[in-house]
Amino acid sequence: MRLSVNNLACERGERRIFEGVSFTLSAGEALVITGRNGAGKSSLLDILAGRLHPAGGAILLDEAGERTLAECLHYVGHRDALKAALTAEENLTFARDFLGHPALKPREALEAVGLAHAARLPVAYLSAGQRRRVALARLLVAHRPLWLLDEPTSALDTTSQETLRLILEGHREQGGMIVASTHSPLFLKDAKEIRIERTKIPPPVAGEGAERSEAGEGAGSMEHSPSPAPRSREGHPLPQRGEGETGEPL
Ligand SMILES: Nc1ncnc2c1ncn2[C@@H]1O[C@H](COP(=O)(O)OP(=O)(O)OP(=O)(O)O)[C@@H](O)[C@H]1O
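Residues numbered from 1 in each chain as written. Predicted model: local features only at pLDDT ≥ 70, side-chain atom pairs only at ≥ 80, totals over all residues. Heavy atoms only, no water.

- By the naming in an unreviewed UniProt entry, the protein chain is Heme ABC exporter ATP-binding protein CcmA, taken from Microvirga splendida.
- UniProt, in the comment section headed Sequence similarities (unreviewed entry), describes the protein chain in these words: "Belongs to the ABC transporter superfamily." (UniProt positions renumbered as here; feature names shortened; annotations may be inferred.)

Okay, structure coming up:
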């Protein structure tokens, strides 16, 4: 199985977030996506997961037989997507039945992430790190070759991070592929890496630059925006949607 991503572009809220993202991934390989807050790492994963349409480019999955890309992947996003009223075990049973291609039993998957003791607790009673571990245990209850993971170590302590690393390496050893966004090292052996950079606005054309630099806009923040930046009553530029007070993209 081989995943090829060619010249992918992303727009959100009519703003270009990134473009020209290309990579290939073969069986057993891992790709780590890095970049600043707001660079578009989650958006790239959303596009790969089919949750967001790309603004350009192509995604191809070869040697997957009859299966579509959506049928070949697991996606673990920022939100754990667990049902709070159900127990950890019930959540995994639901996922296993729903996703098909059953692998580990829910109890075994919880054991693998060190949570066997919490199997019968409603997820609402679990800590953030424990919920994250239940979400990651979902990877183990159904066979899917491509794992898309958005900051998988968030809320995990160092022991759980090491457990996760071993699970990820085990998946690769069985021919699985991983694409993970992260702000901290995942310590995956020989992982590929791409850094997503937010698309910059072009330099101002003569005569247009004065107003822009006065407004103090951050790179990319005004892209595709036809109207001048809103200002406070004192005349200071106000942050716009998707932008921090410094004008940095959020
Ligand atoms: N639903 C949305 N509508 C409009 N813009 C959005 C939406 N979701 C995200 N964005 C914008 O897209 C840009 C990229 O966001 P994204 O979440 O992909 O970044 P990220 O690199 O994953 O950030 P972080 O490191 O903070 O998780 C940001 O500027 C964000 O404000």
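### A word on the nonpolar core
Thought 1: Counting 32 residues, the largest nonpolar core has Leu92, Leu110, Val134, Trp147, Leu149, Leu168 and Ile178 as the members making the most contacts within it.
Thought 2: The dominant element in this core, judged by the number of residues it contributes, is helix 4 (residues 128–141), at seven residues.
Thought 3: Contacts of isoleucine 178, omitting those with residues within four sequence positions, involve Leu25, Glu29, Ala30, Leu31, Trp147, Leu149, Leu168, His171 and Arg172.
Thought 4: Of all hydrophobic cores here, the second largest spans 29 residues; its members include Phe23, Ala39, Leu48 and Leu73. (Core = buried A, V, L, I, M, F, W, Y, C linked by side-chain atoms within 4.5 Å. Buried < 20%, exposed > 50% of the residue type's maximum accessible area, 1.4 Å probe, protein only. Helix = DSSP H or I, 4+ residues; strand = E, 2+ residues; numbered from the N terminus. Contact = heavy atoms within 4.5 Å.)

### As for the site of the ligand
Thought 1: Close to the ligand lie 18 residues, the nearest being Gly38, Lys41, Ser42, Ser43 and His183.
Thought 2: One of the side-chain N or O atoms of asparagine 37 is found 2.9 Å from an oxygen atom in the ligand.
Thought 3: Within the backbone of glycine 40, an N or O atom sits 2.9 Å from an oxygen atom of the ligand.
Thought 4: Calculation on the ligand without its partners gives an accessible area of 640 Å², and the protein chains cover 74% of this total.
Thought 5: Among the elements of the structure, strand 2 (15–26) and helix 1 (41–48) are those that each provide at least two residues to the shell around the ligand. (Near = heavy atom within 4 Å. Polar contact = N/O pair within 3.5 Å; in protein donor to acceptor, adjacent residues only side chain to side chain. Areas by Shrake-Rupley, 256 points an atom, 1.4 Å probe, with all protein chains shown as cover.)

### Things to note about the layout of surface pockets
Thought 1: Space inside the largest pocket adds up to approximately 560 Å³.
Thought 2: Arg51, Tyr75, Val76, Ala81 and Arg138 are, among the 23 residues lining the largest pocket, the residues nearest its centre.
Thought 3: Considering every element that reaches the lining of the largest pocket, the biggest residue donor is helix 2 (residues 88–99), with five residues.
Thought 4: Of the residues in the lining of the largest pocket, the class split is eleven nonpolar, five polar and seven charged.
Thought 5: The computed volume of the second largest pocket comes to approximately 330 Å³.
Thought 6: In terms of lining residues, the second largest pocket is bounded by 15 residues, among which Leu140, His143, Trp147, His171 and Gln174 are the most central.
Thought 7: Mapped by element, the contributors of at least two residues to the lining of the second largest pocket are helix 4 and helix 5 (158–173).
Thought 8: Element by element, the count of residues in the lining of the second largest pocket is highest for helix 5, at three residues. (1 Å grid on protein atoms, 1.4 Å probe; cavity = no way out; pocket = protein on both sides within 12 Å on 5 of 7 lines; lining within 4 Å. Points joined across faces, edges and corners; volume = space filled by probe spheres on them. Nonpolar A, V, L, I, M, F, W, Y, C, P; charged D, E, K, R; others polar.)

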